[in-house]
Amino acid sequence: MSSLQRRYEILLPLRFNDGKPVPDDLIADTLLELEKRFHAISSETQVIHGLWEHEGHTYRDDLVRVFVDVAETKANRKFFLRFKKQLKARFQQLEIRMTTYLVEEI
């Protein structure tokens, strides 16, 4: 028997847009917040390097990938839309990359 869920994948920055390092506690608190709400979370220890451009300025990012598999509900989607806004403020970012897609557990 398989089960369909929705995965929310977030790339959290390891540096603020000005290049200063993000305190480890900020990332740890974010992971704990998700774990408390959804009772499970996964993250990768490898650093993901990214480049992106905004208004003629190229930003270099070092990121950590976090993902959460949850029931596909309107309430969960609303949570993640709000959470993305909170993360942008918390990590002082112009943008936070968050994607979502269906996953099937077998």
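Above this note sits the structure.
Report on the accompanying structure. (Residues numbered from 1 in each chain as written. Predicted model: local features only at pLDDT ≥ 70, side-chain atom pairs only at ≥ 80, totals over all residues. Heavy atoms only, no water.)

## Remarks on the layout of surface pockets
Remark: the empty space left among the atoms is shown by a probe the size of a water molecule rolled over them.
Part 1 of the argument: Taken as a whole, the largest pocket encloses approximately 170 Å³ of empty space.
Part 2 of the argument: In terms of lining, the largest pocket is formed by Leu-11, Pro-13, Gly-50, Leu-51, Trp-52, Asp-61, Leu-63, Gln-93, Glu-95, Ile-96 and Arg-97.
Part 3 of the argument: Looking at the lining of the largest pocket, the elements that each hand over two or more residues are strand E1 (3–13), strand E3 (48–54) and strand E4 (57–70).
Part 4 of the argument: Grouping the constituent residues of the lining of the largest pocket by class yields 6 nonpolar, 2 polar and 3 charged. (1 Å grid on protein atoms, 1.4 Å probe; cavity = no way out; pocket = protein on both sides within 12 Å on 5 of 7 lines; lining within 4 Å. Points joined across faces, edges and corners; volume = space filled by probe spheres on them. Helix = DSSP H or I, 4+ residues; strand = E, 2+ residues; numbered from the N terminus. Nonpolar A, V, L, I, M, F, W, Y, C, P; charged D, E, K, R; others polar.)

## Some remarks on the pairing of E4
Part 1 of the argument: Sheet analysis places E1 next to E4, joined by 8 bridges and oriented antiparallel. Bridge assignment links Leu-12 to a residue of E4, and that residue is Val-64.
Part 2 of the argument: By the bridge criterion, 2 bridges tie strand E2 (residues 42–43) to E4 in an arrangement that is antiparallel. Bridging from a neighbouring strand, Ser-43 pairs with Val-66 of E4.
Part 3 of the argument: Joining the antiparallel neighbours E3 and E4 is a turn of 2 residues, in which Glu-55 adopts a positive phi near 50°. (Pairing = 2+ DSSP bridges.)

## Quick word on helix H1 (residues 24–38)
Part 1 of the argument: Helix length check: H1 (15 residues) gives 21 Å between terminal C-alpha atoms against 21 Å at 1.5 Å per residue, within 8%.
Part 2 of the argument: All of the buried residues along H1 are Ile-27, Thr-30, Leu-31, Leu-34 and Phe-38. Projected down its long axis, H1 shows its buried positions confined to an angular sector of 95°, all on one face. Across from the buried face of H1, at angles greater than 90 degrees, the exposed residues are Asp-25 and Lys-36.
Part 3 of the argument: Looking at the buried residues of H1, the elements they touch are E1, E2, E4 and helix H2 (74–90). (Expected span 1.5 Å × (residues − 1). Buried < 20%, exposed > 50% of the residue type's maximum accessible area, 1.4 Å probe, protein only. Arc of directions from axis to C-beta. Contact = heavy atoms within 4.5 Å.)

## Some points on the pattern of salt bridges
Part 1 of the argument: According to the stated counting rule, one finds 8 salt bridges in the structure shown.
Part 2 of the argument: Asp-18 is the salt-bridge partner of Lys-20, the closest N and O atoms lying 4.0 Å from each other. Like Asp-18, Lys-20 is exposed.
Part 3 of the argument: Overlapping salt bridges bring together Glu-9, Glu-44 and Arg-65 as one network. (Salt bridge = Lys/Arg side-chain N within 4 Å of Asp/Glu carboxyl O.)

## Section: the nonpolar core
Part 1 of the argument: Counting 20 residues, the largest nonpolar core has Ile-10, Leu-12, Leu-34, Phe-38, Phe-80, Phe-83 and Leu-87 as the members making the most contacts within it.
Part 2 of the argument: Where this core is concerned, the elements lending two or more residues are E1, H1, E4 and H2.
Part 3 of the argument: Beyond its immediate sequence surroundings of up to four residues, Ile-10 is in contact with Leu-34, Val-64, Arg-65, Val-66, Phe-80, Phe-83, Leu-87, Ile-96, Arg-97 and Met-98. (Core = buried A, V, L, I, M, F, W, Y, C linked by side-chain atoms within 4.5 Å.)

All we've got here are geometric facts, nothing functional implied.
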